[in-house]
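Secondary and tertiary structure notes
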Amino acid sequence: MTHILLVEDEVKLARFVELELNYEGYQVSIAYDGLTALTAARELHLDLVILDWVLPGLSGSEICRHLRNISDKLPIILLTVKDEVSDRIVGLDAGADDYLVKPFSVDELLTRVGAHLRRSWQVDSADVLEFEDLSLNRRTRQVYRDQRLIELTAKEFDLLEYLLAHPRQLITCDRILQEVWAYDFISDANIIELHIRYLRLKLEANNEKCLIQTVSGVGYTLHD
């Protein structure tokens, strides 16, 4: 059974989300604070974490960084009342794969949970994708720019993998949301922009030429 860790200090909300997840067939463990969450992450075999931003003790972003030290592939959905772009950047930079602003629709949460679980269940082939001096190994999940190893978050890797699999093609934001995030939620298109920004910073850290091009109002293309 798929095991989800829910980290939420609002008891009524945690119970409500737990019941909804149970109804969908998921096993749920609840942690009401950061230290309990980290202990659970080390001791349990987890498939996904739903993590509140504001918690007693450690913040959600701090917990997220610790979770990433435990596993770089575990999907993490951040729940937050903060809706500023700068706040989202902090969460994504800490290693979150997704975020959901409170108050949220439980149907939307379930959709995102299912999307991330489907993505994590996909079996990677041993193929190496290459474009110019950029290479990505699907099996080892390593990315190189020439001889430089580039550290990416799980979702940054997924996004770059998708772009590398469709070189020189114009890919719309809608398509990226459906294929990489596996849900169609247009108002969250700026989550792609944030990940593209971080990808560019990492891929061009040594002043290498830009490979990910923006087509204003449409989407992105990997082009030389």
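Residues numbered from 1 in each chain as written. Predicted model: local features only at pLDDT ≥ 70, side-chain atom pairs only at ≥ 80, totals over all residues. Heavy atoms only, no water.

- As recorded in an unreviewed UniProt entry, the protein chain goes by the name Two component transcriptional regulator, winged helix family, listed as coming from Nostoc punctiforme.

1. What to know about the sheet that holds strand 9 (residues 148-150)
- Taken together, four strands build an open sheet; the order of strands is 6-7-8-9 and the sheet is antiparallel. Single-partner strands in this sheet number two, and they are strand 6 (128-131) and strand 9. Here the strands of the sheet are splayed against their neighbours by 20° on average, with no regard to which way each runs.
- Summarising the sheet, strand 6 and strand 7 (residues 134-137) pair through four bridges and their orientation is antiparallel. If you follow V128 over to strand 7, its bridge partner there is N137.
- Against the sheet, helix 6 (residues 154-165) contacts strand 6, strand 7 and strand 8 (142-145), and its axis sits at roughly 115° relative to strand 7.
- The strands touched by helix 8 (residues 190-203) within the sheet are strand 7, strand 8 and strand 9, with strand 9 carrying the most contacts at an inclination of about 160°. (Pairing = 2+ DSSP bridges. Helix = DSSP H or I, 4+ residues; strand = E, 2+ residues; numbered from the N terminus. Axes fitted to C-alpha atoms, helices over the stretch in contact; angles between N-to-C directions. Contact = heavy atoms within 4.5 Å.)

2. Overview of unusual backbone geometry
- Between K102 and the following residue, P103, the backbone shows a cis peptide bond with an omega angle of -5°.
- Position of P103 among the secondary structure elements: in the loop between strand 5 (98-101) and helix 5 (106-121).
- For D146, which is not glycine, the phi torsion reads 60° and is therefore positive.
- Within the secondary structure layout, D146 lies in the loop between strand 8 and strand 9.
- Judged by its relative accessible area of 53%, D146 is exposed. (Buried < 20%, exposed > 50% of the residue type's maximum accessible area, 1.4 Å probe, protein only.)

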